[in-house]
Amino acid sequence: MKNRKIRMGMVGGGIGAFIGAVHRMAANLDGQIELVCGAFSSDHKKCIDSGAELFLPPERCYATFEEMMTMEASLPEGERMDIVSIVTPNHMHYAPAKAALENGFPVIIDKPLSFTLNEALSLKALVEETGLPFALTHTYTGYPMVKQAKAMIKNGELGKIKKIAVEYPQGWLTDKLEDSDQKQAAWRTDPNRSGKSGCYGDIGTHAANMAEYVSGLKITKVLSQLTTVVEGRLLDDDANVLLELEGGVPGVLFASQISAGEENGIKVRVYGEKGGIEWTQEDNNSLLVKWHGEPAQKLRAGGNHSYLLPEALAHLRTPGGHPEGYLEAFANIYRNFANAVRADYAGDDHDSVLDYPSVEDGVHGMALVDAVVESTEKGNVWVEPKY
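Anyway, here's the lowdown on the structure attached to this text. (Residues numbered from 1 in each chain as written. Predicted model: local features only at pLDDT ≥ 70, side-chain atom pairs only at ≥ 80, totals over all residues. Heavy atoms only, no water.)

**Describing the packing of aromatic side chains**
Under the criterion given, the structure shown has six aromatic pairs. Aromatic side chains Y143 and W279 sit 5.1 Å apart centroid to centroid with 50 degrees between the ring planes, which places their arrangement in the tilted category. In this pair, Y143 is assigned in the loop between β5 (134-137) and α6 (144-154) and W279 in strand β11 (residues 275-280), connecting sequence segments 136 residues apart. Note on W279: relative accessible area 1%, which makes it buried. Taking 5.7 Å as the distance between ring centres and 75 degrees as the angle between the ring planes, the aromatic pair formed by Y326 and F330 counts as edge-to-face. Separated by four residues within a single helix, Y326 and F330 lie in helix α10 (residues 326-346), roughly one turn from each other. Grouped by ring-pair contacts, the aromatic residues Y140, Y143, Y168 and W279 constitute a single cluster. We note K150 situated over the ring of Y213; from NZ or CZ to the ring centre the distance is 4.4 Å. (Phe/Tyr/Trp six-rings, centres within 6.5 Å; stacked < 30°, edge-to-face > 60°. Helix = DSSP H or I, 4+ residues; strand = E, 2+ residues; numbered from the N terminus. Buried < 20%, exposed > 50% of the residue type's maximum accessible area, 1.4 Å probe, protein only. Lys NZ or Arg CZ within 6 Å of the ring centre and 35° of its normal.)

This is the structure in structure tokens:
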């Protein structure tokens, strides 16, 4: 593996699947990974057609993910896949991840980790048992200026953390798109495929993960109001959550898919004794630092900016003024995971600067989904995540 690309198999992500294409682009960006096989669809013809579009031979396009795991594991080491990427709807995360781990393959999986908390705990136990690398694609943690914010806070530049606010407004589900031919809307609003929460489970989990990742503090308690605004929708499409983080730090989370006119406005703000930071995805190359009693600073991404910390510089590809965005952030997770897979294969230590969300993050995220839903069901009361 030292002198070649890492070979990847994919479950899901067939013709017309948005997130599958994103994962493939992210995996390809740094030239570390190549796609060699897949179980792209439960329809075998569609799977073969998808593989043909990706220049894969039909014999490496499998009818089921079970067949893919078995057949690939039986191939010589010089031919078989090395890792598995899972890009299915939520209800189909657990089974292929479990099968991959049981057959000795490291896994990189779209969020959330699984359909239920029990499935998440089972995967965590398998990861601990096998010792295999396992990554969760919480995309927004891959942005360089998010790394900068996290490192500044970890280094104590803001002093003791006092308050956290995070938001993720979207407007794409303002209308009842699930009644049309919109496949993304159909499965994301279906409790049988998406899970027990819609808006919070889909994008609120990203917001919660960002609050924790940037601040370095875990959410220990939630009080939520989940609302279904669009009549007839089966899951929540708006979420307002009060947070309590480690050390009693207060926080607030707002997520919505019915905020008309919004696109993907995820924003995180962390306030400490000495000042605060603000980052938003829609201006992702900037980090605003607001100092207490001093002028604010606007830090900018760019490999030629000497004021950036090593954690940010390690995730930059271009000089200042050359935008890096969503695909590059996604690619940073794949690149870092590839580094971990190579280190594991060689018996070496993985560089901690090249971090990525783990199975532990996924378990905690699923516990928070349960806690947020429980809080609303019990009449908007404080609930602790349990696992």
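**What to know about the nonpolar core**
The biggest cluster of nonpolar side chains holds 53 residues, and the ones touching the most others in it are Y200, V214, L253, I277, W279 and L287. Of the residues forming this core, the biggest block, nine residues, is contributed by helix α8 (residues 199-215). In contact with V214, not counting residues within four places along its chain, are V146, A149, K150, I153, V268, V270 and I277. A39, A120, V127 and L136 belong to the second-largest nonpolar core, a separate cluster that totals 32 residues. (Core = buried A, V, L, I, M, F, W, Y, C linked by side-chain atoms within 4.5 Å. Contact = heavy atoms within 4.5 Å.)

**Here we look at the side chain of D110**
Along the chain, D110 turns up in strand β4 (residues 107-110). No salt bridge forms around the buried D110; measuring N to O, its nearest opposite-charge neighbour R188 is 5.5 Å away. Contacts of D110, omitting those with residues within four sequence positions, involve I19, H23, I86, V87, H93, L136, T137 and F330. (Lys, Arg positive; Asp, Glu negative; His and termini not counted. Salt bridge = Lys/Arg side-chain N within 4 Å of Asp/Glu carboxyl O.)

**Examining the layout of surface pockets**
Take a probe with the size of a water molecule and roll it over the atoms, and the empty space left behind shows itself. Approximately 670 Å³ is the volume found for the largest pocket. What lines the largest pocket is a set of 31 residues, among which G12, G13, F40, T88 and P89 lie closest to the centre. Of all the secondary-structure elements, those providing two or more residues to the lining of the largest pocket are α1 (18-28), α3 (65-74) and α7 (183-188). Tallying contributions element by element places α7 first for the lining of the largest pocket, with five residues. Across the lining of the largest pocket, the residue classes tally to 15 nonpolar, 10 polar and six charged. Approximately 520 Å³ is the volume found for the second largest pocket. Forming the walls of the second largest pocket are 25 residues, and the residues nearest its centre are F18, Y168, Q170, R188 and N264. Among the residues making up the lining of the second largest pocket, the classes are represented as nine nonpolar, 10 polar and six charged. (1 Å grid on protein atoms, 1.4 Å probe; cavity = no way out; pocket = protein on both sides within 12 Å on 5 of 7 lines; lining within 4 Å. Points joined across faces, edges and corners; volume = space filled by probe spheres on them. Nonpolar A, V, L, I, M, F, W, Y, C, P; charged D, E, K, R; others polar.)

**A few points about the pattern of salt bridges**
Evaluation of the coordinates by the stated rule reveals 23 salt bridges. With a closest N to O distance of 2.8 Å, K290 and E278 form a salt bridge. Residue K290 is located in strand β12 (residues 286-291), and its partner E278 is located in strand β11; the two are separated by 12 residues in the primary sequence. Between D283 and R300 there is a salt bridge; the shortest N-O distance is 3.7 Å.

**Here we look at the pairing of strand β9 (residues 249-256)**
Note that strand β6 (residues 161-169) and β9 share six bridges and pair parallel. Counted as the bridge partner of A165 is V252 from β9. Where strand β8 (residues 238-245) lies against β9, eight bridges are found, and the strand directions are antiparallel. Bridging across to β9, L243 finds its partner in G251. (Pairing = 2+ DSSP bridges.)

**Re the sheet that holds β5**
The sheet built from five strands is open, its strands ordered β2-β1-β3-β4-β5 with parallel pairing. The open sheet has two free edges, formed respectively by β2 (33-39) and β5, since each of these has just one partner strand. Across the sheet, the axes of successive neighbouring strands diverge by a mean angle of 25 degrees, strand direction being ignored. In this structure, strand β3 (residues 83-86) lies alongside β4, joined through three bridges in parallel fashion. Bridge assignment links I86 to a residue of β4, and that residue is I109. (Axes fitted to C-alpha atoms, helices over the stretch in contact; angles between N-to-C directions.)

**Describing helix α11 (residues 359-377)**
A rise of 1.5 Å per residue sets the reference length of α11, with its 19 residues, at 27 Å; its end C-alpha atoms lie 27 Å apart and thus fit the reference within 8%. Among the residues making up α11, those that are buried are V359, G362, V363, H364, M366, A367, L368, V369, A371, V372, V373 and S375. Check the buried side of α11 and you find it contacts α5 (117-130), β5, α8, β7 (219-227) and β8. Among the residues trailing α11, G379 stands out with phi positive, at a value near 95 degrees. (Expected span 1.5 Å × (residues − 1).)

**Section: the sheet that holds strand β10 (residues 267-272)**
By way of backbone hydrogen bonds, the strands of a sheet pair with one another, either parallel or antiparallel. One open sheet holds the eight strands; their spatial order is β7-β8-β9-β6-β10-β11-β12-β13, and the pairing between them is mixed. At either margin of the open sheet sits one strand with a lone partner, and together these are β7 and β13 (297-300). Adjacent strand axes in the sheet meet at a mean angle of 15 degrees, parallel and antiparallel pairs treated alike. Bridging between β7 and β8 involves eight bridges; their strand directions are antiparallel. Within the sheet, the bridge partner assigned to S224 lies in β8 and is V241. Along the sheet face, α6 touches β6, β10, β11, β12 and β13 and points at about 30 degrees away from the line of β12. Contacting β6, β7, β8, β9, β10 and β11, α8 runs over the sheet at an angle of about 145 degrees to β9.

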